[in-house]
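Each chain, letter by letter, is given below.
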Amino acid sequence: MNAITATGLRRSYGDHVVLKGVDLNVQRGTVFSLLGANGAGKTTTVKILSTLIRADGGSASVAGHDVASDPDAVRAAIGVTGQFSAVDNLLTGRENLKLMADLHHLGRVEGRRKVELLLEQFDIVDAADKSAASYSGGMRRRLDLAMTLVGSPQVIFLDEPTTGLDPRSRRAMWDIVRRLVADGVTIFLTTQYLEEADELADRIAVLDHGKIVAEGTADELKRRIPGGHVLLQFNDPRHLEAATRVVRNATRDGEALALRVPNDGSVCSLKALLDRLDEHAVLVDSLSTHTPDLDDVFLALTGNPDKVAQP
Ligand SMILES: Nc1ncnc2c1ncn2[C@@H]1O[C@H](COP(=O)(O)OP(=O)(O)O)[C@@H](O)[C@H]1O
Ligand SMILES: [Mg+2]
């Protein structure tokens, strides 16, 4: 059964059409990543699926409940951590978690057990009795997510959970996501970072101009674009000319004295290329191999280099 299904979701703000018919299918117990640039409509999608706003058209169900006709049942089954944190700065980490336990009517004993477990799991024990105002960005995100988990949600929406975090905090968050999935939770993760989707997601959907422009596993998406290449760099234009004559299907960049040759980067095909150049006494100054990654996919699909976020 699918944890999330959406068909033809549409949504505008005034004249501004943000979603133009978005279809999504997320299998239970998997990580699904919605990848898109700033302003692509990721948060809008999350808000619709988590019943915070209504779609103008289309339908969606989450954890088996329709978001429009049964929002309370959806809310009871999900957790959401967004760009705006639910952490209360005036409270300590432990008090924030305790408050959530009370809101979920966990009872004194079960509530305490859950709070201590989450403090432990999310590495907040040492700072548990300090005010949340003193927490670092990474710690605040962890507390925010821990608070979401007090209610034991089946489906968790993580809206750009690592944007603005340093690399170490980002890795810590990735480990937490992996543990959650191992426990059978379904994760809907939005990100601007290709690397993050590549690391975590079972399936990735690319959102661009209000439409899903591609969907699949990271490997499937990578296969959709042209293969890798080797970049040969020359010191002498005459050698570049010679290389252009002896290597097939190469693209020449006269200004940079470089030749781009389609190549899968394997030792065998590199050796064949170098042997051929050697036979014709072509002198290569340097060589670099390039395997396609999700950045290439994103570029190929959206056609806009400015949109690629750098972690
Ligand atoms: N409440 C709102 N009122 C008007 N425009 C909005 C509102 N929320 C979002 N938008 C616009 O909708 C577009 C998509 O926003 P959003 O879903 O937040 O994108 P993302 O999360 O991918 O960065 C943006 O152009 C944004 O400015
Ligand atoms: Mg957003």
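Along every chain, residues carry numbers that run from 1 in the direction the sequence is written. Each chain takes a letter, starting from A, and each ligand takes a number, starting from 1, following the order in which they are written. Local features are withheld for residues below a pLDDT of 70 in this predicted model, meaning they are given only at 70 or higher, and side-chain atom pairs are given and counted only at 80 or more; totals for whole chains, interfaces and linings count all residues. With hydrogens and water excluded, all non-hydrogen atoms of the structure serve as input to the side-chain values.

**Section: the side chain of Thr191**
Put simply, the test is: Each helix corresponds to a stretch of at least 4 residues labelled H or I by DSSP, and each strand to a stretch of at least 2 residues labelled E; elements are numbered beginning at the N terminus. The buried label goes to any residue with under 20% of its type's maximum accessible area, the exposed label to any with over 50%, and the partly exposed label to all in between, with areas taken from a 1.4 Å probe on protein chains only. Polar contacts, as counted here, are pairs of nitrogen or oxygen atoms within 3.5 Å of one another; within protein the pair requires one atom able to donate a hydrogen and one able to accept it, and residues that are adjacent in sequence qualify only if both atoms are side-chain atoms. By definition in these notes, contact holds between two residues if any of their heavy atoms fall within 4.5 Å.
Considering the arrangement of structural elements, one finds Thr191 in strand β8 (residues 186-191). The exposure class of Thr191 is buried, given its relative accessible area of 0%. A distance of 3.1 Å separates a polar atom in the side chain of Thr191 from a polar atom in the side chain of Glu196. Not counting residues up to four positions away in its chain, the partners in contact with Thr191 are Ser33, Leu34, Leu35, Gly36, Lys42, Glu160, Glu196 and Ala197.

**What about the layout of surface pockets?**
Test applied: The definitions used throughout rest on a 1 Å grid laid over the protein atoms alone, on which a cavity is an enclosed set of points accommodating a 1.4 Å probe that cannot get out and a pocket is an open set flanked by protein within 12 Å on both sides along at least five of seven lines; lining residues are those having an atom within 4 Å of a point. Grid points are joined across faces, edges and corners, and a volume is the space filled by probe spheres set on the points. Residues are grouped as follows: nonpolar covers Ala, Val, Leu, Ile, Met, Phe, Trp, Tyr, Cys and Pro; charged covers Asp, Glu, Lys and Arg; every other residue, Gly included, is treated as polar.
In this structure, the largest pocket spans a volume of roughly 500 Å³. Taken together, 24 residues form the lining of the largest pocket, with Leu52, Gly79, Val80, Thr81 and Gly82 sitting closest to its centre. Looking at the lining of the largest pocket, the elements that each hand over two or more residues are α1 (42-49), α2 (71-77), β6 (78-81) and α5 (137-149). By residue number, the principal contributor to the lining of the largest pocket is β6, which donates four residues. Taken together, the residues of the lining of the largest pocket sort by class into 10 nonpolar, 10 polar and four charged. Every residue lining the second largest pocket is counted, 14 residues in all, and those nearest its centre are Leu118, Gln121, Leu149, Leu180 and Asp183. Those elements that place two or more of their residues in the lining of the second largest pocket are α4 (108-121) and α6 (167-182). It is α4 that provides the largest number of residues to the lining of the second largest pocket, a total of four residues.

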